[in-house]
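Residue strings, one per chain:
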Amino acid sequence: AQTVTQSQPEMSVQEAETVTLSCTYDTSESNYYLFWYKQPPSRQMILVIRQEAYKQQNATENRFSVNFQKAAKSFSLKISDSQLGDTAMYFCAFMKPTGANSKLTFGKGITLSVRP
Amino acid sequence: GAVVSQHPSWVICKSGTSVKIECRSLDFQATTMFWYRQFPKQSLMLMATSNEGSKATYEQGVEKDKFLINHASLTLSTLTVTSAHPEDSSFYICSAPPTSGRLYNEQFFGPGTRLTVL
């Protein structure tokens, strides 16, 4: 079974600064996907970024980028130029692609607060 | 992108009554939908996998008779909380991966339903 660990329950960052959220996972699979989801106060889950394990290049989406270390089973999210709208819970998630029944395994999440 | 809706967004019911929550994929077909439960400041807990045209698969510890799931079409899954009690009060979220297309390996989430049982 896969596990996803987010050991930091809360973080705070000043607006316009950079913050890194940590995530580690454990799996015996070689092919899988990793995701970061954002859940703002509205509680709508929003996909921030996704990484395919077979791709060595780290995924980036505008101000969001990941540091994917497959051997270390680490998948951290870097948010650059933090904005007030980035305040949310962030969940790291793992998925083994098995077709339509592919389940997501979530970490406990981290609450990020962006200070004005 | 792909859109998933949930109805209702918020429901209050009396203890002992049943509540039905709908999850719809609006612009794609989904043979599978997932139902989660989330308590405040906690992670999403997978309750069950809903399969179109067949029985749902429940996670360990989830009562099948209490949380009835029906996946009647390729765009609709329903979760019925039967004989609801205050401890069933929670936030329920559904998600769906498109059956095909370039978004095949992604899941799209509904906005959630807040259930309060008095």
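You'll find the structure just up there.
Everything numeric in this text was worked out from a predicted model, so none of it was measured. (Residues numbered from 1 in each chain as written. Chains lettered and ligands numbered in written order. Predicted model: local features only at pLDDT ≥ 70, side-chain atom pairs only at ≥ 80, totals over all residues. Heavy atoms only, no water.)

## A closer look at the environment of Leu115 of chain B
Residues and elements named next belong to chain B. In this structure, Leu115 sits in strand β11 (residues 113-117). In this structure Leu115 comes out as buried when scored by relative accessible area, which is 2%. Each C-alpha atom of the pair Leu115 and Pro86 lies 9.4 Å from the other, and the pair is 29 residues apart in sequence. Here Leu115 is in contact with Val11, Cys13, Val19, Val81, Asp88, Ser89, Ser90 and Tyr92, once residues within four sequence places are set aside. (Helix = DSSP H or I, 4+ residues; strand = E, 2+ residues; numbered from the N terminus. Buried < 20%, exposed > 50% of the residue type's maximum accessible area, 1.4 Å probe, protein only. Contact = heavy atoms within 4.5 Å.)

## Notes on the state of the cysteines
Tallied over the entire structure, the rule returns two disulfides over all chains. Two residues share a disulfide in this structure: Cys23 of chain A and Cys92 of chain A, whose sulfurs sit 2.0 Å from each other. Every disulfide takes its handedness from the sign of the S-S torsion; for Cys23 of chain A and Cys92 of chain A that torsion is -70°, giving left-handed. Here Cys23 of chain A, found in the loop between β3 (19-21) and β4 (24-26), pairs with Cys92 of chain A, found in strand β10 (residues 88-95); they are 69 residues apart in sequence, far enough to count as distant. The class of Cys23 of chain A is buried, set by a relative accessible area of 2%. The disulfide partner of Cys23 of chain B is Cys94 of chain B, and the S-S distance across this bridge is 2.0 Å. Between Cys23 of chain B and Cys94 of chain B the sulfur-sulfur dihedral comes to about 80°; the bridge is accordingly right-handed. With a gap of 71 residues between them, Cys23 of chain B in strand β3 (residues 19-25) and Cys94 of chain B in strand β9 (residues 90-96) connect regions that are remote in the sequence. Sulfur of Cys13 of chain B: no disulfide; nearest cysteine sulfur belongs to Cys94 of chain B and is 18 Å away. (Disulfide = S-S within 2.5 Å.)

## Focus on the pairing of β3 of chain B
Residues and elements named next belong to chain B. Alternating positions in β3 separate cleanly, Val19, Ile21, Cys23 and Ser25 being buried on one face and Lys20, Glu22 and Arg24 remaining unburied on the opposite face. Of the strand pairs in this sheet, strand β1 (residues 4-7) and β3 are connected by four bridges, and their pairing is antiparallel. When the bridges of β3 are listed, Val4 appears paired with Ser25. Two strands pair when backbone bridges link them, and β3 and strand β8 (residues 76-81) are joined in this way by six bridges, in the antiparallel orientation. Directly across from Ile21, in β8, lies its bridge partner Leu79. (Pairing = 2+ DSSP bridges.)

## Considering the environment of Lys66 of chain B
All names here are of chain B. Positionally, Lys66 belongs in the loop between β6 (57-58) and β7 (67-73). Residue Lys66 is classed as buried on the basis of its relative accessible area of 12%. Here the alpha-carbon distance between Lys66 and Val81, two residues 15 residues apart in the chain, equals 5.8 Å. Each residue touching Lys66, except ones within four places of it in the same chain, is listed here: Thr80, Val81, Thr82, Ser83, Ala84, His85 and Asp88. Here the side chain of Lys66 touches Ser83 through a polar contact of 2.9 Å, landing on its backbone oxygen. Within the local environment of Lys66, its side chain forms a polar contact with the side chain of Asp88, the two groups lying 2.9 Å apart. (Polar contact = N/O pair within 3.5 Å; in protein donor to acceptor, adjacent residues only side chain to side chain.)

## Brief notes about the interface of chain B and chain A
Contact with chain B, which involves 26 residues of that partner, is made by 23 residues of chain A. The interface formed by chain B and chain A includes two salt bridges. If you list the elements that add at least two residues to the side of chain B that touches chain A, you get β4 (32-38), β5 (44-51) and β9 of chain B. (Salt bridge = Lys/Arg side-chain N within 4 Å of Asp/Glu carboxyl O.)

## A short note on the pairing of β9 of chain B
Residue and element names in this part refer to chain B. For β9, a buried count of seven out of seven residues is recorded, marking the element as mostly surrounded by other parts of the structure. Because side chains alternate across β9, one face comprises the buried residues Ser90, Tyr92, Cys94 and Ala96, and the other comprises Phe91, Ile93 and Ser95, equally buried. Pairing of β9 with β11, which is carried by three bridges, proceeds in the antiparallel orientation. For Ser90, the partnering residue across the bridge sits in β11 and is Leu115.

## Side note on unusual backbone geometry
Backbone torsion omega between His7 of chain B and Pro8 of chain B reads 0°, so that peptide bond is classified as cis. Inspection of the secondary structure puts Pro8 of chain B in the loop between β1 and β2 (10-13). Look at Asp81 of chain A: it is not a glycine, yet its phi comes out positive at around 50°. Mapped onto the fold, Asp81 of chain A is located in the loop between β9 (74-79) and β10. Phi is positive for Lys41 of chain B, which is not a glycine, with a value near 65°. Assignment of secondary structure puts Lys41 of chain B in the loop between β4 and β5. By relative accessible area, Lys41 of chain B is classed as exposed at 65%.

All we've got here are geometric facts, nothing functional implied.
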